[in-house]
Amino acid sequence: MWFDKSKEEVIKELSVDTINGITSEEAAKRKEKYGANELTEKKGKSKLRLFFEQLNDPLIYILLVAAAISGILGETADAVIIAFVVVLNAVIGMVQESKAEKALEALKKLATPKAIVKRDGELKEIPSEDVVPGDIIVLDAGRYVPCDIRLIETANLKVEESALTGESVPVEKDAELILDSNGTALGDQKNMAFMSTLATYGRGSGVAVSTGMDTEIGKIAKMLENQEEDLTPLQKKLAELGKMLGIAALGICAVMFLVAIIQKRDVFEMFLTAISLAVAAIPEGLPAIVTIVLAMGVQKMIKKNAIVRKLPAVETLGAVNVICSDKTGTLTQNKMTVTRFYADNYLGNINTLKIDNPIHRLLLENLVLCNDATYSEDSKTGDPTEIALLEAGFKYNLIKADLDKKRTRVNEIPFESDRKLMTTVNEYDDKYYVMTKGATDNLIKLCNKAYINGEIVPITEEIKENITKASIAMSNDALRVLGAAFKTTESKDIEIDSLEKDLVFIGLVGMIDPPREEVKDSIAECKKSGIKTIMITGDHKNTAFAIAKELGIAEEESQAVFGAEIDKISDEELAKKVDNLRVFARVSPEHKVRIVKAFKANGNIVSMTGDGVNDAPSLKMADIGVAMGVTGTDVAKGASDMILTDDNFSTIVSAIKEGRNVFNNIKKSIVFLLSCNIGEILSLFFAILFGWPSPLKPVHLLWVNLITDSLPALSLGADPGDPDVMKEKPRDPNASLFAGGTGAFLILNGLLIGFLTLVAFVVGIKVYTGSTTLFPLVPKDIPEAAVTHAQTMAFVVLSVSQLFHALNLRHPSKSIFQVGVFTNKYLIGSILIGIFLQDVVITVPFFRNVFEVFDLLPRDWFLVGILSIVPLVVNEIAKIFIRARNK
Ligand code: ATP
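Because the structure is a prediction, the values reported are computed rather than measured.

Enquirer: An account of the domain arrangement of the protein chain is requested, with residue identities and associated values reported.
Expert: Taken domain by domain, the protein chain holds domain 1 (7–41 + 106–226), domain 2 (47–100), domain 3 (316–333 + 516–647), domain 4 (337–512) and domain 5 (659–886). The distance between the C-alpha centroids of domain 1 and domain 4 comes to 34 Å. Carbon and sulfur atoms supply 46% of the area that domain 1 and domain 4 bury against each other, a total of about 420 Å² over both sides. For the domain 1 face of the interface with domain 4, the top three residues by lost area are Asn156, Tyr201 and Arg203, together amounting to 86%. Where domain 1 packs against domain 4, one counts 1 salt bridge. Residue Glu412 pairs with Arg203 through a salt bridge whose shortest N-O separation is 2.8 Å. Linking domain 1 to domain 4 there are 2 residue pairs in polar contact (both at pLDDT 80 or more). Looking at which element gives the most residues to the side of domain 1 that touches domain 4, the answer is strand 7 (residues 198–210), with 3 residues.

Enquirer: Provide a residue-level description of the site of the ligand, including the pertinent values.
Expert: With respect to spatial proximity, 20 residues lie near the ligand, and among them Thr328, Glu386, Lys437, Thr537 and Asp539 are the closest. Within the contact set of the ligand, an oxygen atom lies 3.0 Å away from a backbone nitrogen or oxygen of Lys327. In the environment of the ligand, an oxygen atom lies 3.5 Å from a nitrogen or oxygen atom belonging to the backbone of Ala439. Protein coverage of the free-state accessible area of the ligand, which is 620 Å², stands at 92%. Per-element tally for the shell around the ligand: the top contributor is strand 19 (residues 480–489), with 3 residues. Its residues assigned to classes, the shell around the ligand shows 6 nonpolar, 5 polar and 9 charged.

Enquirer: Please set out the pattern of salt bridges residue by residue, giving values where relevant.
Expert: Counted under the stated rule, the structure contains 43 salt bridges. For Arg419, the salt bridge is made with Glu416, and the minimal N-O distance between the two is 2.9 Å. Between Asp579 and Lys532 there is a salt bridge, and its shortest N-O distance comes to 3.3 Å. In this pair, Asp579 sits in the loop between helix 20 (571–578) and strand 23 (583–585) while Lys532 sits in strand 21 (residues 532–536), placing the two residues 47 residues apart along the sequence. Classification of Lys532 by relative accessible area gives partly exposed; the value is 23%. Through salt bridges that share partners, Arg203, Asp372, Arg409 and Glu412 make up one connected network.

Enquirer: Go over the nonpolar core with me, naming the residues and quoting the values.
Expert: Counting 143 residues, the largest nonpolar core has Ile82, Ile323, Met642, Phe649, Phe795 and Phe851 as its most contacted members. Counting 36 residues, the second largest nonpolar core, distinct from the first, contains Phe341, Leu363, Tyr428 and Ala484.

Calculation notes
Residues numbered from 1 in each chain as written. Predicted model: local features only at pLDDT ≥ 70, side-chain atom pairs only at ≥ 80, totals over all residues. Heavy atoms only, no water. Domains from an automatic or database assignment. Buried area = accessible area lost by both parts, 1.4 Å probe. Salt bridge = Lys/Arg side-chain N within 4 Å of Asp/Glu carboxyl O. Polar contact = N/O pair within 3.5 Å; in protein donor to acceptor, adjacent residues only side chain to side chain. Helix = DSSP H or I, 4+ residues; strand = E, 2+ residues; numbered from the N terminus. Near = heavy atom within 4 Å. Areas by Shrake-Rupley, 256 points an atom, 1.4 Å probe, with all protein chains shown as cover. Nonpolar A, V, L, I, M, F, W, Y, C, P; charged D, E, K, R; others polar. Buried < 20%, exposed > 50% of the residue type's maximum accessible area, 1.4 Å probe, protein only. Core = buried A, V, L, I, M, F, W, Y, C linked by side-chain atoms within 4.5 Å.

Right under this line is the structure:
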């Protein structure tokens, strides 16, 4: 127990050096001894289990039983091949699913939080799994507590412990407390901070006392975050579709079987055919393919600096039509530089500041002291706004580290984006200076005096007007404006609530933050593709509008509003107006939630960026919550669907592009599989209906299913993105997968494939019976050998036409030559492999026997080749008309 000892005792007992922390070597040794600081997870499913899960399907049972019966009846080849195909199918399914599962695991591992520790005398940010007992840990607002910590310093630190105690109100921590060793519940251990809880306010530091599974949360073995493995919306839709298709396929098979019985065919043979057809026609591999394609999308996005935390997000990304983006750092570079200042009734370039003017000097001192960043020539840490202020001070020899020593900080109220203010209390010889800095409009409200002409005078309307004028002049030039105010007190024990009151206005500074270069193009690209870009900022409206105009986000001032203006209107009114607004200024995190709600109310799919603790609700509310990887807090990251590792707006746009491609690719796989299955069902169904011999044997169906459902379907999922994908309007998320002609494409191609298979069969019958008349297409009592020949031809056409048909799916309107035949090497590879395997089955005597097929003559090959290529030719011609119509 550590909470019943004083912090000095703890420091002594653990022999920690609070100034330098532990050395890296010691840390490595301790990691060896105590293990990594992580909670052990339950293992995923084993390969064997996945394999058996594939077989766990009533249809497969029936098929295996049927195979066994045919084995007993002497059809050993049939039995063996069915068993073989079933096993191979299960292996493919297993590989796909374990790949999908691995991808999901990898996804979980991305974005693990980091911890700030003192090592070798320096503060370092390290992966939290590397934290060891004895480390000195620094906590600040928005950070996950990486392990169990005995606090040794706290400055208004508040920690939200709901992950551990269920209590959602943050607990105020105090390092100085010594608690009763008996009966102090976890929630009351206020001198401790526990793993997996969240610092939401203030700062603090402490010693790591236990890590990994030894922590309180480790003991109850609850996960940091129970990432649910729900199906994605698309997978849910597909599961429903799959069920429907399954029922339909079973229905057709049943009807077929009945017809066959009425026709007095071989019952067992027909039963086997019907079951094989059902197995082949039900697209059981779809969910795994969807997961794999989504996961491949995730991998591609990582390369483009976007980490997607939840798989469904990839899908949703493709449908986003409103991007709400923070300004600072996302649209701009976040490289702030102070360029102007206003003090003592003078507005000018920062270079004209006179450090011997006490007002000018106090302005800079205020901005350097009321500041949590650090600045030296070779190392800068902290918020760029604050670094810029330190840099301005540095130029006038007001060095943060020196000034901090001279004017010790005794109290503080941290910066919050709601208040847009920050305050510190610093010791000035025999007095204390309350130093406040923040947004001009908020600050001015707290001032009743001003420091002008060397005197502190009551603030008049005229003075206020001058300040506002100076502030607006700077904002209009796209500068971020920050004001400074102070007051003196005799005692340091002054109530927190009365600190930010009755202040003396000192002055303003204005800083530039240039837009990111690439952002302008991305915004233009969004515009073309029907995506609206919305700027959301804590800055002043004028600053925001000036930058928005430069970037092409807004054209007229009427498109910009203050957060306070939306406070005055109802949610309904906001929803009515919101589609015409582009810039929201002086926004607090609560406004963000309302803005997202309003856009969503109008049916938009909204992405929202955020970085702070208070941004979590709006990130959760958005369809795609985007957290900043560099400046974002762990809280924001935890609430997000996607993290930008470069904080760049353009990355969101690339992710949307990738999301659109991923969605299109999934659709290609689905439509491909379904059209092929329709082809299989129809060819068999009509042949039976017409009273013909079955054009395909059960094993043929299983085989075709094997070579088309696996590699080609996956390769379509890996199709390289369409370069023109951003020229299209965003997808309507409610629209059916088969809208816009997709359904017709699917059915027509299914019909075509089925028809061609039957043509091959009929031609085979004609040729091998030596028939010279067209009718009847298939006469009665054909010799067995002729049927087998005809079946062989139908078998080859069914599989090879499907392989060629895969090329049709690469683009709904572009010719395969426009897309580039070889741009998807996987697909070309799978088609070649498919054709090769098909050839092996026909030409190698062993397989020929097993599959009960005949070797084809060159003229047969020629004919099946021509027939197989028909779908490609027909679709190419159809696409000429589609392109002409689209023009
Ligand atoms: P954006 O929303 O565009 O990313 P932001 O999140 O940086 O902007 P805030 O951080 O909320 O916006 O800042 C809003 C205002 O608060 C700024 O215009 C500035 O006046 C003030 N401000 C920003 N940082 C500080 C700080 N560290 N201390 C005091 N005031 C600050």
